[in-house]
Amino acid sequence: MHDARLERTRPRIGFLGVGWIGLDRMRAIVECGAVDPSAIADPSPEMVAAARELAPDARIAGTLDALLDQELDGVVIATPSALHAAQSIMALERGLAVFCQKPLGRSHDECVAVVEAARRADRLLGVDLSYRHTEGIRQIRDLIVAGELGTVYAVDLVFHNAYGPGKPWFYDKALSGGGCVMDLGVHLVDLVLWVLGFPNVVRVDSRLYSKGSPIIRDGDEVEDYAIATLELANGVVARIACSWQLHAGRDAVIGADFYGTRAGASFRNVNGSFLDFTAELHRGTQRQVLASPPDAWGGRGAAGWAERLAAGEAFDPDCEQFAIVAEVLDRIYGR
């Protein structure tokens, strides 16, 4: 039987930006059933029409201001990167919880400003660092926390995309904040720190390239290949490499290898897939499968934020991790 009282108590959510990733996250949030999808804003009539199929009763708003006028409890932001920080702060200052696509900001300063706005408003802030929510990475983290790998001392992470982003703003440094590091490297930095419990990063060395040549750090060019070494306070050395338009022989090469004194663990994409992953535990030459496809992980972070919001959660100090990741990206960029 339909309970009208339950309907009234569900948080009302607005969706700002319903392109392919915004629409995918909206679907996950609608399907979890924890919130009421109440409003949609996107400049594309086609995207709005697709979103209305998921939420036929949602109101259409022409702008962020109009969206914020809809008496909402939270907003999901999936717009170009240059807008994320300002739009998140606007929503938080109106008393709304926020779930934002990565990167939360184009710099550490922008991310800190958003986190502080969430703290002042006492509102739940989430960022779609989606690879945390893959079953393989969760299993590896649990094993490391339990001491199954012994002392972890080295981590190798890669994210090579044989394509580049389709939208021109990705290649405009003022709008994007950077190239493949900002787009893909953010996930790798977040993964190594999140899995290991956010130890301090004591040193960062990096090299950035565009079309095969080193780039000028304070120039206008964005990098399409980057390699960085992070030395962590717990003694771990993490090597990170990411790229766009690499001759990879497949759509993507995505992986994370964790090496410990007792065992190792690996997380890898399958046959070049952006979505399918395996995870294994390694002891010497022996391999034990931890996770394999299928795993519907893409919308897990979004749905989890919606469920936490529905449960009444407010500011979570863990969102300070988003600013820590951004600071490491700044150091990779040498700024």
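Everything below is about the structure shown above.
Just so we're clear, the structure is a prediction, and the values are computed from it rather than from any experiment. (Residues numbered from 1 in each chain as written. Predicted model: local features only at pLDDT ≥ 70, side-chain atom pairs only at ≥ 80, totals over all residues. Heavy atoms only, no water.)

Describing the pattern of salt bridges
Right, on to step 1. This model, assessed by the stated rule, comprises 18 salt bridges.
Right, on to step 2. In this structure, the salt-bridge partner of Lys 102 is Asp 183, at a minimum N-O distance of 2.9 Å. One end of the pair, Lys 102, is in the loop between strand 5 (97–100) and helix 6 (108–121); the other, Asp 183, is in helix 9 (residues 180–195), with 81 residues separating them in the sequence. Considered together, Lys 102 and Asp 183 belong to a single accessibility category, that of buried residues.
Right, on to step 3. Here Glu 110 makes a salt bridge to Arg 106, at a shortest N to O gap of 2.6 Å.
Right, on to step 4. What emerges from the salt-bridge pattern is a single network uniting Asp 24, Arg 25 and Asp 128. (Salt bridge = Lys/Arg side-chain N within 4 Å of Asp/Glu carboxyl O. Helix = DSSP H or I, 4+ residues; strand = E, 2+ residues; numbered from the N terminus. Buried < 20%, exposed > 50% of the residue type's maximum accessible area, 1.4 Å probe, protein only.)

Here we look at the pairing of strand 4 (residues 74–77)
Right, on to step 1. Burial along strand 4 is two-sided: the face carrying Gly 74 and Val 76 and the face carrying Val 75 and Ile 77 are both buried.
Right, on to step 2. In this sheet, strand 4 lies alongside strand 1 (residues 12–16) in parallel orientation, the contact comprising 4 bridges. Across the sheet, Ile 13 pairs through a bridge with Gly 74, a residue of strand 4.
Right, on to step 3. Strand direction decides the pairing type here: strand 4 and strand 5, joined by 4 bridges, are parallel. Its bridge partner being in strand 5, Gly 74 is matched across the sheet by Ala 97.
Right, on to step 4. The β-α-β motif built from strand 4, the intervening helix 5 (residues 81–93) and the parallel element strand 5 has right-handed crossover chirality. (Pairing = 2+ DSSP bridges. Right-handed = clockwise from strand over helix to strand, strands pointing away.)

Notes on the sheet that holds strand 4
Right, on to step 1. Judged by pairing direction, the sheet is parallel, and its 6 strands sit side by side in the order 3-2-1-4-5-6 without closing on themselves. Since the sheet does not close on itself, it has two edges, and those belong to strand 3 (59–60) and strand 6 (125–127), each with one partner.
Right, on to step 2. Where strand 2 (residues 36–41) meets strand 3, 2 bridges bridge the pair, whose relative direction is parallel. Pairing of Ala 39 across the sheet is with Arg 59, part of strand 3.

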